[in-house]
Amino acid sequence: MVEKLIRLASSILKYWDISVSQIELIQGGQMALVWKIMTDRGPLCLKRIHRPEKKALFSIYAQDYLAKKGSRVPGIIPNKRGHLYTRQGPFLFVVYNWIVGRPFDLTVSEDLAWIMRGLAQYHVDSEGYIPPESIPVFSKLGQWPNHYIKRCQQMESWKKIAAELPDDPFSQLYLSEIDHHIAFGRQTLNKLLDSGYTEWVTESLENPRLCHQDYGTGNTLLSDQETWIIDLDTTTFDLPIRDLRKTIIPLMGDQGEWNDDLFSRMIDSYEKVTKLTEAQKKIMFTDMLFPYELYETANEKFGRKNDLPADELEKALTYEERKGKEIVKRMN
C-alpha cells in the first residue's frame, strides 16, 4: 500500500514544476493523504484533501490569502498552469511549503499561551478574506440555533436505543439522567437567542472572520517562536468564539473537571492579541453552557456504536454539572 501511494504522489507531482528527489508517506489511510517531498526548492508537502470539493476550494483559497498576507500558515505552491491545486478524480491535490517545528504540549504553560495567541492571530489575519467569485462560500454564521436543536433531538432519539438495552449500565444511566440535560440544552438555545448572538452574526456578515473548527495540537507547530497552523481544511466563516469553545471545553473535559485557572489563562492569552467585548464574552459563555461533552460521549455510544463503560458517561455528567456552575458564575 505504501509503495502504491508513493507512486500516486509521483504521478501527481508531474503537474508541478519541481524536481523531486525523495517522497515519504507521512499520513495514509481513509482520511487525507500527506507526503513529505524533498525537492530542488527544499522540503514540500503534498496533500490529498479529504473534503467535499466546495469546502476544499474555500479552504484552499483562504490559506492562500492568509499566507500571502503574512499569516503563519504554509504557502501554497501553484502548479504548472498557475492553479493552486490539481484535480484527479474526485480529489484535490495541493503542494505546500513544509514547516519544520515541534508540536505543542498543552500541559506546559508556555505552550498553552503560544497556541492561544496563535488562534487569536489566525482570527485577526483572516479578516478581509473574500473567496474568488467562482468559489462557493462556506459559512456557519447564524447556524448555531439549528445545531442546538439537532443535538437535542438526537439526544432525545437515543433514549429509544437505550431503552432497548436494559442490561447495559451506560444506557440505564443515560435514561435516568438525560432528560434534565436535554431540557438544559433547550434552555441554552433560548439564552443564545437573547444573548446578542443574532446581532453579532448580522455585523459579521459584512466583514466575516474565519473559524478554524479543528484547532489544536494536531494541526499546529511551534517554529521560530511562532505558532504555525498546518491544516486549514475545515475552515469556515463563523464567530471566532466557536474556536475558543471547541478548543477550551474539550481540553477541560479531558481533564475530567473544570479548571478555572486554566480557563482564565487560555482566555487571557487569546486576548493578548485581540480583545473580546463583554457582549461577545456573554455569547461565548452561553454557547459553552450547552452540554457538548455529554452529547459527544453519548454520540460515541449510540451514534458511532462504540462500546463505552458507564463511568465514561458518569464523568461527562459530572463535568457538565461543574462546568455549568462555573460558567454561570462568570456570567453573573
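K.L.:
Got a sec to walk through the overall build of the protein? Specific residues and values, please.
P.N.:
Looking only at helices and strands, the protein features 11 helices and nine strands. Over its C-alpha trace the protein gives a radius of gyration of 22 Å, about what one expects of a compact globule, namely 20 Å for 332 residues. Counting across all 332 residues of the protein, residues that qualify as buried make up 49%. Considering only contacts within the protein whose residues lie at least 6 apart along the sequence, 70% involve residues at least 24 apart. Total accessible area computed for the protein in this model is approximately 16200 Å², and 49% of it derives from carbon and sulfur atoms. Once the 43 positive and 47 negative side-chain charges of the protein are each reduced to a mean point, those two points are 5 Å apart.

K.L.:
Tell me what's going on with empty space enclosed by the protein, and back it up with residues and numbers.
P.N.:
Considering all chains together, one arrives at one cavity of 30 Å³ or more under this definition. Looking at the largest cavity, its volume works out to about 30 Å³. Along its surface, the largest cavity is lined by Ile-49, Ser-59, Ile-60, Gln-63, Ile-76, Tyr-96, Leu-232 and Asp-233. A breakdown of the residues in the lining of the largest cavity according to their chemical character gives five nonpolar, two polar and one charged.

K.L.:
Residue-level account of the nonpolar core, with values.
P.N.:
The biggest cluster of nonpolar side chains holds 68 residues, and the ones touching the most others in it are Met-155, Tyr-174, Ile-241 and Leu-244. Setting aside residues no more than four positions away along its own chain, Tyr-174 makes contact with Met-155, Trp-158, Lys-159, Ala-162, Ala-298, Phe-302 and Leu-313. Membership of the second largest hydrophobic core comes to 15 residues, among which are Trp-16, Ile-18, Leu-33 and Trp-35.

K.L.:
Tell me what's going on with the environment of Ile-182, and back it up with residues and numbers.
P.N.:
Within the secondary structure, Ile-182 is located in helix α5 (residues 169-193). Overall, the relative accessible area of 1% leaves Ile-182 in the buried class. With sequence-adjacent residues up to four places away left out, Ile-182 is seen in contact with Cys-152, Met-155, Glu-156 and Lys-159.

K.L.:
Please provide a residue-by-residue account of the side chain of Ser-195, values included.
P.N.:
By the secondary structure assignment, Ser-195 is in the loop between α5 and α6 (197-206). Polar contacts involving the side chain of Ser-195 include one to the main-chain amide nitrogen of Tyr-197, which spans 3.4 Å. Among all residues touching Ser-195, those that are not within four sequence positions of it are Lys-282, Ile-283 and Thr-286.

K.L.:
I'd like a description of a negative patch on the surface, backed by residues and values.
P.N.:
Taken together, the side chains of Glu-177, Asp-311, Glu-314 and Glu-321 define an acidic patch exposed on the protein surface. In terms of residues, the negative patch owes the most to one element, helix α11 (residues 310-331), which gives three residues. Mapped onto the secondary structure, Glu-321 falls in helix α11.

K.L.:
Talk me through the pattern of salt bridges; I want residue IDs and the actual numbers.
P.N.:
In the structure shown here, the tally under the stated rule is 21 salt bridges. Among the salt bridges present, the one from Arg-330 reaches Asp-260, with a minimum N-O distance of 3.2 Å. Separated by 70 residues along the polypeptide, Arg-330 in helix α11 and Asp-260 in helix α8 (residues 260-271) bring together distant segments of the chain. One connected set of salt bridges, linked through shared partners, spans Lys-47, Asp-231 and Asp-233.

K.L.:
Tell me about the pairing of strand β2 (residues 33-39), and please be specific about residues and values.
P.N.:
Most of β2 is tucked away: five of the seven residues are buried. When strand β1 (residues 20-27) meets β2, the two strands line up antiparallel, connected through six bridges. When the bridges of β2 are listed, Ile-23 appears paired with Ile-37. Relative to strand β3 (residues 42-49), β2 runs antiparallel, the two being bridged by seven bridges. When the bridges of β3 are listed, Ile-37 appears paired with Leu-44.

K.L.:
So what's going on with helix α4 (residues 144-163)? Which residues, and what values?
P.N.:
With 20 residues, α4 extends 29 Å from end C-alpha to end C-alpha; this agrees with the ideal 28 Å at 1.5 Å per step. The complete set of buried residues in α4 reads Trp-144, Pro-145, His-147, Tyr-148, Cys-152, Met-155, Trp-158 and Ala-162. The arc that holds every buried residue of α4, seen down its axis, measures 165 degrees, which confines them to one face. What points out from α4, more than 90 degrees from its buried face, is the exposed set Asn-146 and Lys-160.

K.L.:
Give a description of the layout of surface pockets that names residues and reports values.
P.N.:
Of the volumes computed, that of the largest pocket is approximately 670 Å³. Along the wall of the largest pocket there are 26 residues; nearest its centre are Gln-213, Arg-245, Lys-246, Pro-250 and Glu-296. The leading source of residues in the lining of the largest pocket is helix α7 (residues 241-255), at nine residues. For the lining of the largest pocket, a count of residues per class yields 10 nonpolar, five polar and 11 charged. Size it by volume and the second largest pocket reaches roughly 540 Å³. Lining the second largest pocket are 22 residues, with Gln-27, Val-34, Lys-47, Ile-230 and Asp-231 sitting closest to its centre.

The rules behind each value
- Residues numbered from 1 in each chain as written.
- Predicted model: local features only at pLDDT ≥ 70, side-chain atom pairs only at ≥ 80, totals over all residues.
- Heavy atoms only, no water.
- Helix = DSSP H or I, 4+ residues; strand = E, 2+ residues; numbered from the N terminus.
- Rg over C-alpha atoms; globule rule 2.2 N^0.38 Å.
- Buried < 20%, exposed > 50% of the residue type's maximum accessible area, 1.4 Å probe, protein only.
- Contact = heavy atoms within 4.5 Å.
- Areas by Shrake-Rupley, 256 points an atom, 1.4 Å probe, with all protein chains shown as cover.
- Lys, Arg positive; Asp, Glu negative; His and termini not counted.
- Charge placed at Lys NZ, Arg CZ, Asp CG, Glu CD.
- 1 Å grid on protein atoms, 1.4 Å probe; cavity = no way out; pocket = protein on both sides within 12 Å on 5 of 7 lines; lining within 4 Å.
- Points joined across faces, edges and corners; volume = space filled by probe spheres on them.
- Nonpolar A, V, L, I, M, F, W, Y, C, P; charged D, E, K, R; others polar.
- Core = buried A, V, L, I, M, F, W, Y, C linked by side-chain atoms within 4.5 Å.
- Polar contact = N/O pair within 3.5 Å; in protein donor to acceptor, adjacent residues only side chain to side chain.
- Patch = residues over 30% accessible without salt bridge, like charges linked within 9 Å, V, L, I, M, F, W, Y side chains within 5 Å.
- Salt bridge = Lys/Arg side-chain N within 4 Å of Asp/Glu carboxyl O.
- Pairing = 2+ DSSP bridges.
- Expected span 1.5 Å × (residues − 1).
- Arc of directions from axis to C-beta.

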